[in-house]
Structure formats: structure tokens, C-alpha cells
Amino acid sequence: MNKYNSLYKRITVFTVMLAIALSGPSYAAEQSLSFIQAIKMAQKNDPWLDGSHHKQKSIEALSFAANTQPDPSVSVTFASLPTDGFNVDQENMTQFKVGVSQMFGRGDSLKIRSKQLQLQSEEQPFKRKDRENKVAVTVGSLWLDLYRVEQSIGLIEASRSLFEQLSQLAELSYSSNLGGTRQVDIVRAQLELTQLDDRLNQLKLEEKRYQGMLEQWLSHYRTVESLSEDLYTSNHRLTRLTSRELPQLVFHRKDVINDENSLKPGQLALVFSSHPAVKAVDKNIDATRIGVDLAEQKYQPQWGVNASYGYRADDPLGNSRADLFSIGVVFDLPLFTGNRQDKEVSSAIANTEVIKTEKLLLIRQLISAFTSAKGQYFRLKERQTLYTERLLPQIHEQVEASLTAYTNNEGEFSEVVRGRIAELNAHIEFLTMNTKEQKIILEMNYLLVDNAMKSNEY
């Protein structure tokens, strides 16, 4: 009877494995979105970049306008009218006067203000490049998360088919009383199927969440009215938001990654000084320094000129009266500078130091993020090596050994089930590590991006 049971298990297990092999996943032709395509689409459709272009044009226009003298002022006056009859020829002082006055910029304030605005406008290209790189990290990470979830769903669905076959085998063996299968084996197989269904539901919830977050970046719209229509179009244009191939990203700066001396903060600070975000802050610092020069111009007097022409009517006897012409200069005297000009200069200097502090904090954040990401990367590579060289082969051998023991009537059905679950979990964890590696490389490439690099270099 034992030989018969062993033979029966061999035949049935072979049938199960053959069925699984023949019923492997077959995917219909479908249009998918690659990693690079998703990033380029998100960068192209980012309305923030359009806003930055408009802001730069606005500041450039203000810079041109700031270097222009104020408009002249014109005055029209009836001067010295007698109140006893309002006759224009009664009094000698009565006149119709037209005047014009022109104020000039204080010192070189117009030129300096124009230069300050120009520097502020030059900040926008660096901000746009940093934004493009940040979009690449955000969208790339979402794509990788969605890829991990979709591939995990595929692994679980394939394993579920195996557990269905094992459950049927256990029920058949138990009902025929030929294989020595116990009722607890049937319950265990059904329990594993239920737990797999629960994991599938959880992963599909994650899949919907990541799809929604990714579609937010892939939407193409220029107005609020077109948003809903474009989202509808994007949802029906692509049947999948990720392709089935995991991208293999490479480091931009391998010399910094592999050089242990690069971990010194002073050396890393020099590396990050060319980061677009830091360059943008540099432009802001230059603009605030110009603000100090602008504040110092308020120690200079502001000059203006005025001229007027006064027409006088003939006297009551018909004698002609001479018209009057006036010209003059006006200027202020910044004598009391202690409570105004001095304080404004001190404020401008302090504002420059504030921006310098922001630059220091930004570089420290970049150094901290780089050090953390680098440490995670090398520890992750060690785990990947452990999985590929030892853990995955050992788990596979254990699964095969438990299956062989069960088919020879020397092992338990529960060991086969536990082995399959352990193998599934190991493959999902290995998939998670591979996607995590790409996310770390993506983040480190953002941190080490040089201002001379193109934004599409990931």
C-alpha cells in the first residue's frame, strides 16, 4: 500500500506541475508606458514649468522698466485770481500758468534696481532644471512602486494557481484515502489560498493608489476646463502604466559613489555647489547683495527740475503785461539717516545673510541625503548578493526536498505548503530590493546632478 501511495503522489504531483507549466501567464498585446516615457511625459506636461517661464518674462520686463526715469508731471494753474470779481485782468499777479517737472532717480538706484531684477530672473532657469529633476525622481519612484506592485500581483497569481492544484490534490488524496493526507492538510491549503486572496486585494488597492498618483503627473492640460477630458483620454490611451521591464539605471558620478573620501562634508560641499537648486540660491544671494547697494543709494539726494510759463492778460486800460517764465531745481537732503537709511542698509545686509544661511542648510540637506542614500545602496547590494548566491537557491532546494519527501511518503503536506510560501515571499522581497535599488540610484543621480547635465539623463 505504501508503494501504491508513493506512486499515486508522484503521478498527481507531476500532473499538478505540468498543469502549472502549461497554464503560465500569457499576456495579450497591450500598450504600456516605459520608465523613460513616463518621466518625459510628466516633465512635458508639468504646468509649473510654464509658470516659471511666465515669471521669468515678468521679472525681465520689470527689469527693463525699472531702469527708466519717472514720467514728467504737468500742472495747469489759474494763479492769484481776485476773489471780489474773479476778473483775470484786474490784478497784475493773476496769470494762467502751465508747468512741467521731472524727478530723477536717486543716485544709481534705477540702474541697480534693474540689475537686481535681472539677477532674480536668472534664478528661474536653475529652478526649472531642479524642478525637472525632482519630477524625474517623483514620477520615477511612482513608476517603480507601481511596477513592484504589478509584478508582485503576477507572482502571487501564479502561486495561487499552484496552491489551487495542491488543494485539489489534498482533497483528492483525502477522499480516496490513498495518500495518507489528513484533514488538517486540506484546511491548511484552503487557508493559504484565502491568505493569498487577501494579499492580492491589498496589492490591488496599492496598485489603484499608485495609478492615481502617477496619472496626476501624466495628465496633459493647459486649462482647468480641459483637465477632466485629458484625464479621460489618458486613462483609455494606455492599458498599462508600466512596462514589464525593470530599468537598469546607472550612476552619473561613479567617482563620488566609489570614493570613500567623498564622504567628507567639505569635499561634498564642493560637489553640491554645482547643483541647480544651489545655483538658484546663488542667484538669489547675488540679488540680495545688490539690494545692499540699492539701500546705500538712499544716502544720495534725489534731484528734480521744474519749469513753468505764466500768461498774464492786459490791464483794464489795454496795456500789455509781460508773461512770466520760471525754472528751478528741487532736491531732498537725507540728513536724518539714523532711523531710516542706516536701518534699511542693515536690513539689506541681514537679508543677504539669511539667504546665505538658506544655502548652507540646503547643502547640508543634500549631503545628509547623499550619505544616507549611499549607505542604503551598499547595504542593499549586500542583501541582493545574499539572496542571489545563498538564500534563493537554499529556499528552492528546501522546497524541492520537501516535495520529494512528500512524494515518497516521507514528508508532510504542510512542509510543502510552507516551503512554497517561503519561496514566494523571498521572490517578492527580492523584487522589492531590485526596485529599491533603482529608486536609490534615481535619488542619488538627482543629488549629484551637475548643472551642465541634461535633464533627461537619469
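Being a predicted model, the structure only gives us computed values, none of them experimental.

(A) Highlighting the overall build of the protein. What the protein contains, in helices and strands, is 12 helices and 4 strands. In the protein, buried positions account for 40% of the 458 residues. Residue pairs at least 24 apart in sequence account for 84% of intrachain contacts in the protein once pairs closer than 6 positions are excluded. For the protein, the accessible area works out to roughly 26,000 Å², and carbon and sulfur atoms hold 55% of it.

(B) Fine view of the sheet that holds strand 4 (residues 324-331). Spatially, 1-2-3-4 is the arrangement adopted by the 4 strands of the open sheet, whose pairing is antiparallel. Each edge of the sheet is formed by a strand with only one pairing partner; in this case those strands are strand 1 (73-79) and strand 4. Each strand axis lies, on average, 20 degrees off the axis of its neighbour in the sheet, ignoring direction. Of the strand pairs in this sheet, strand 3 (residues 303-311) and strand 4 are connected by 8 bridges, and their pairing is antiparallel. When the sheet's bridge partners are listed, Ala 307 is paired in strand 4 with Ile 327.

(C) A look at the nonpolar core. Core analysis: the largest hydrophobic core is formed by 73 residues, its most contacted members being Val 139, Phe 272, Phe 370 and Met 444. For this core, the secondary-structure elements that each account for two or more residues are helix 2 (35-44), helix 5 (123-176), helix 6 (183-218), helix 8 (254-258), helix 9 (265-272), helix 10 (276-296), helix 11 (341-407) and helix 12 (413-447). At 16 residues, the largest contribution of residues to this core is made by helix 12. Apart from the residues within four sequence positions on either side, Phe 272 is in contact with Val 278, Leu 366, Ile 367, Phe 370, Leu 447 and Leu 448.

(D) Spatial organisation of the packing of helix 9 against helix 11. Contact geometry for helix 9 and helix 11: axes closest at 10 Å, N-to-C directions at 110 degrees. By the angle class used here, helix 9 and helix 11 are roughly perpendicular. Counted together, Pro 265, Leu 268, Ala 269 and Phe 272 of helix 9 and Ile 363, Leu 366, Ile 367, Phe 370 and Thr 371 of helix 11 form the full contact between these two elements.

(E) The arrangement of the packing of helix 6 against helix 12 in detail. Viewed as axis vectors pointing N to C, helix 6 and helix 12 meet at an angle of 15 degrees, and their least axial separation amounts to 9 Å. On the basis of the axis angle, helix 6 is roughly parallel to helix 12. Once helix 6 is placed against helix 12, the crossing between them reads as left-handed. In contact with Asp 185, Arg 188, Ala 189, Glu 192, Leu 196 and Arg 199 of helix 6, helix 12 contributes Phe 413, Ser 414, Val 417, Arg 418, Ile 421, Leu 424, Asn 425 and Ile 428. Classifying every residue of the contact of helix 6 with helix 12 gives 7 nonpolar, 2 polar and 5 charged.

(F) Representation of helix 12. Counted at 1.5 Å a residue, the expected span for helix 12 with its 35 residues is 51 Å, and the 51 Å between its end C-alpha atoms agrees. Of all 35 residues that make up helix 12, 25 are buried, and the element is covered over most of its length.

(G) Examining the packing of aromatic side chains more closely. All told, the structure shown has 8 aromatic pairs when counted by the stated rule. Taking the centre distance of 5.5 Å and the plane angle of 70 degrees together, the rings of Tyr 377 and Phe 378 count as edge-to-face. A residue is classified by how much of its surface remains accessible, and Tyr 377, at 12% relative accessible area, is buried. Judged by relative accessible area, which is 29%, Phe 378 ranks as partly exposed. Three or more aromatic residues link up through ring pairs in this structure, and these residues are Phe 35, Trp 143 and Tyr 147.

(H) Looking closely at the confidence of the model for the protein. Averaged over all residues, the pLDDT of the protein equals 83, while 83% of them reach at least 70. The low-confidence segment residues 10-29 (pLDDT under 50) makes 15 contacts with residues lying over four places distant or belonging to another chain. Confidence over residues 231-239 falls short of pLDDT 50; this stretch has 10 contacts with residues more than four positions distant or in other chains.

(I) Structural context of the pattern of salt bridges. Under the defined criterion, the tally for this structure stands at 16 salt bridges. Linking Arg 131 and Asp 46 is a salt bridge whose minimum nitrogen-to-oxygen distance equals 2.7 Å. Residue Arg 131 is found in helix 5, and its partner Asp 46 is found in the loop between helix 2 and helix 3 (47-66); the two are separated by 85 residues along the sequence. Judged by its relative accessible area of 24%, Arg 131 is partly exposed.

Definitions and cut-offs
Residues numbered from 1 in each chain as written. Predicted model: local features only at pLDDT ≥ 70, side-chain atom pairs only at ≥ 80, totals over all residues. Heavy atoms only, no water. Helix = DSSP H or I, 4+ residues; strand = E, 2+ residues; numbered from the N terminus. Buried < 20%, exposed > 50% of the residue type's maximum accessible area, 1.4 Å probe, protein only. Contact = heavy atoms within 4.5 Å. Areas by Shrake-Rupley, 256 points an atom, 1.4 Å probe, with all protein chains shown as cover. Pairing = 2+ DSSP bridges. Axes fitted to C-alpha atoms, helices over the stretch in contact; angles between N-to-C directions. Core = buried A, V, L, I, M, F, W, Y, C linked by side-chain atoms within 4.5 Å. Parallel < 35°, antiparallel > 145°, perpendicular 65-115°, else oblique. Left-handed = near helix turned anticlockwise from the far one by under 90°. Nonpolar A, V, L, I, M, F, W, Y, C, P; charged D, E, K, R; others polar. Expected span 1.5 Å × (residues − 1). Phe/Tyr/Trp six-rings, centres within 6.5 Å; stacked < 30°, edge-to-face > 60°. pLDDT = per-residue confidence, 0-100. Salt bridge = Lys/Arg side-chain N within 4 Å of Asp/Glu carboxyl O.

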